[in-house]
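Structural features, examined
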Amino acid sequence: MSRYCNYLGQIHGNGKEKAHKAMSELLEKILSKDNMNAAYKRVCANKGAGGVDDVTVEELGDYIKENWESIREQIRRREYRPQPVRRVEIPKPNGGVRKLGIPTVMDRVIQQGIVQIINPICEPLFSEWSYGFRPNRNCEMAVRQLLVYLNEGYEWIVDIDLERFFDNVPQDRLMSLVHDIIKDGDTESLIRKYLKAGVMTQQGYEKNKPRNTTGRQSVTASVKHHAERTGQGT
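Here's what I pulled together on the structure shown here. (Residues numbered from 1 in each chain as written. Predicted model: local features only at pLDDT ≥ 70, side-chain atom pairs only at ≥ 80, totals over all residues. Heavy atoms only, no water.)

**Comments concerning the packing of aromatic side chains**
Threshold: Two rings belonging to Phe, Tyr or Trp (six-membered ring only in the last case) form a pair when the distance between their centres is within 6.5 Å. Interplanar angles under 30 degrees mark stacking, angles over 60 mark edge-to-face geometry, and anything in between is tilted. Exposure is judged per residue with a 1.4 Å probe applied to protein chains only, and the accessible area is read against the type maximum: over 50% gives exposed, under 20% gives buried, and values in between give partly exposed.
With the rule as written, the count across this model stands at 1 aromatic pair. Look at Y149 and Y154: their rings are 5.8 Å apart centre to centre, the planes differ by 75 degrees, and that puts the pair in the edge-to-face class. On the basis of relative accessible area, Y149 is assigned to the partly exposed category, the value being 29%. For Y154, a relative accessible area of 53% puts it in the exposed group.

**With respect to a nonpolar patch on the surface**
Threshold: Patch rule: a residue counts if its relative accessible area is over 30% and it has no salt bridge; like charges are joined within 9 Å, and nonpolar side chains (Val, Leu, Ile, Met, Phe, Trp, Tyr) within 5 Å. Only the protein chains shown count as cover for residues, and all accessible areas are computed by the Shrake-Rupley method using a 1.4 Å probe. Salt bridge, as used here: a side-chain nitrogen of Lys or Arg that lies within 4 Å of a carboxyl oxygen of Asp or Glu. To qualify as a helix, a DSSP run of H or I must reach at least 4 residues; to qualify as a strand, a run of E must reach at least 2; elements of each kind are numbered from the N terminus.
A cluster of nonpolar residues, V143, L146, L147, L150 and I157, forms a patch on the protein surface that exposes about 410 Å² of accessible area. The residue I157 is located in the loop between helix 7 (139-151) and helix 8 (171-182) in this model. By relative accessible area, I157 is classed as partly exposed at 49%.

**A look at the environment of Q112**
If you trace the backbone, Q112 turns up in helix 6 (residues 105-122). Distance in space between the C-alpha atoms of Q112 and N35 is 9.2 Å, their sequence separation being 77 residues.

**Quick notes on the pattern of salt bridges**
Applying the stated criterion to the full structure yields 9 salt bridges. Here R72 makes a salt bridge to E73, at a shortest N to O gap of 3.8 Å. Residue classification places R72 among the buried positions, given a relative accessible area of 2%. Between R134 and E123 there is a salt bridge, with the nearest N and O atoms lying 2.5 Å from each other. Highlighted residues: R134 in the loop between helix 6 and helix 7 and E123 in the loop between helix 6 and helix 7, separated in sequence by 11 residues. Accessibility expressed as a relative area gives 10% for R134, which makes it buried. Residue E123 is classed as partly exposed on the basis of its relative accessible area, which comes to 22%. Connected via shared salt-bridge partners are E28, R72, E73 and R76.

**Remarks on the environment of W68**
Tracing the backbone through its elements, the reader meets W68 in helix 5 (residues 60-76). Along the primary structure W68 and M106 are separated by 38 residues, whereas in three dimensions their C-alpha atoms are 9.0 Å apart.

**Some thoughts on the nonpolar core**
Selection criterion: What is meant by a nonpolar core is a set of buried Ala, Val, Leu, Ile, Met, Phe, Trp, Tyr and Cys residues, joined one to another through side-chain atoms within 4.5 Å.
Ranked by size, the top nonpolar core spans 37 residues in total, and within it L60, W68, I75, V109, I110, I114 and L190 carry the most contacts. The dominant element in this core, judged by the number of residues it contributes, is helix 6, at 8 residues.

**Some details on the packing of helix 5 against helix 6**
Put simply, the test is: Helix axes use the C-alpha atoms of the stretch in contact, all axes being lines fitted to C-alpha atoms, and the angles between their N-to-C directions lie in the range 0 to 180 degrees. Oblique is the label for every angle not falling under 35 degrees (roughly parallel), over 145 degrees (roughly antiparallel), or within 65 to 115 degrees (roughly perpendicular). Helix crossings get a hand from a simple test, with the near helix turned counterclockwise from the far one by less than a right angle marking a left-handed crossing and a clockwise turn marking a right-handed one. Between two residues, a contact is recorded if the distance between any of their heavy atoms is within 4.5 Å. Residues are sorted three ways: Asp, Glu, Lys and Arg are charged, Ala, Val, Leu, Ile, Met, Phe, Trp, Tyr, Cys and Pro are nonpolar, and all the rest, Gly among them, are polar.
As a packed pair, helix 5 and helix 6 sit with axes 11 Å apart at the nearest point and diverge in direction by 55 degrees. Comparing their axes, helix 6 and helix 5 come out oblique. When you trace helix 5 past helix 6, the crossing you get is right-handed. Taking contact as the criterion, the partners of L60, Y63, I64, W68, I71 and I75 in helix 5 are, on helix 6, V105, M106, V109 and I110. Taken together, the residues that form the contact of helix 5 with helix 6 break down as 10 nonpolar, no polar and no charged.

**Focus on unusual backbone geometry**
Negative phi is the rule for most residues except glycine; trans is the rule for most peptide bonds. Here the phi dihedral of D54 falls at roughly 65 degrees; this positive angle occurs in a residue that is not glycine. With respect to the secondary-structure elements, D54 resides in the loop between helix 4 (33-46) and helix 5. For D54, a relative accessible area of 60% translates into the label exposed. In this structure, N136 takes a positive phi of about 65 degrees despite not being glycine. Take N136: it is sitting in the loop between helix 6 and helix 7.

Right, here's the structure in full:
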């Protein structure tokens, strides 16, 4: 890991933060020094390519030192605008391509910060039998549960793949369910901006529906299970 990713003081607070009258306790938890430093370290550990601004993970520490205070205040004032994700097409083994969106490294830090605070809120809403996008759960656990069912006498296992699921989530309904869970206008506004950030292709900017990135997956999955438990799912 580079020296940038080992430095815990990149995202810091100051006297202005203490004097700031927080509009949103949840948003302040997201923007807190400890949470954002943890998000910064996670993004560095995951590495990955840069986004549309060409800032790399190795350059992230210097970028944060120069820009974080301004970005944090923009988020608080609901003035921050996430940059479009860079579209990359990955060939599929059976033909066709999988379209992925790569956010900028700074937006990945912010998204990771959101996930770290929202996950504990959403986790109690998950189905007991859900294993995707959850801490301390994985596909091997799902397979073991299937073996339990087989030993109990069940004979059918149904495998369903919803094509382009994250491309087709109704955003308004999604955000309505997000509101039911977190009830925080400032945080909801930030999440909605990420959903509407759009993509940058070789042909230029395109508006888009939510795509397959970490923060969006977490919120979408959490809301899906909330809908199941409250009877709002389809």
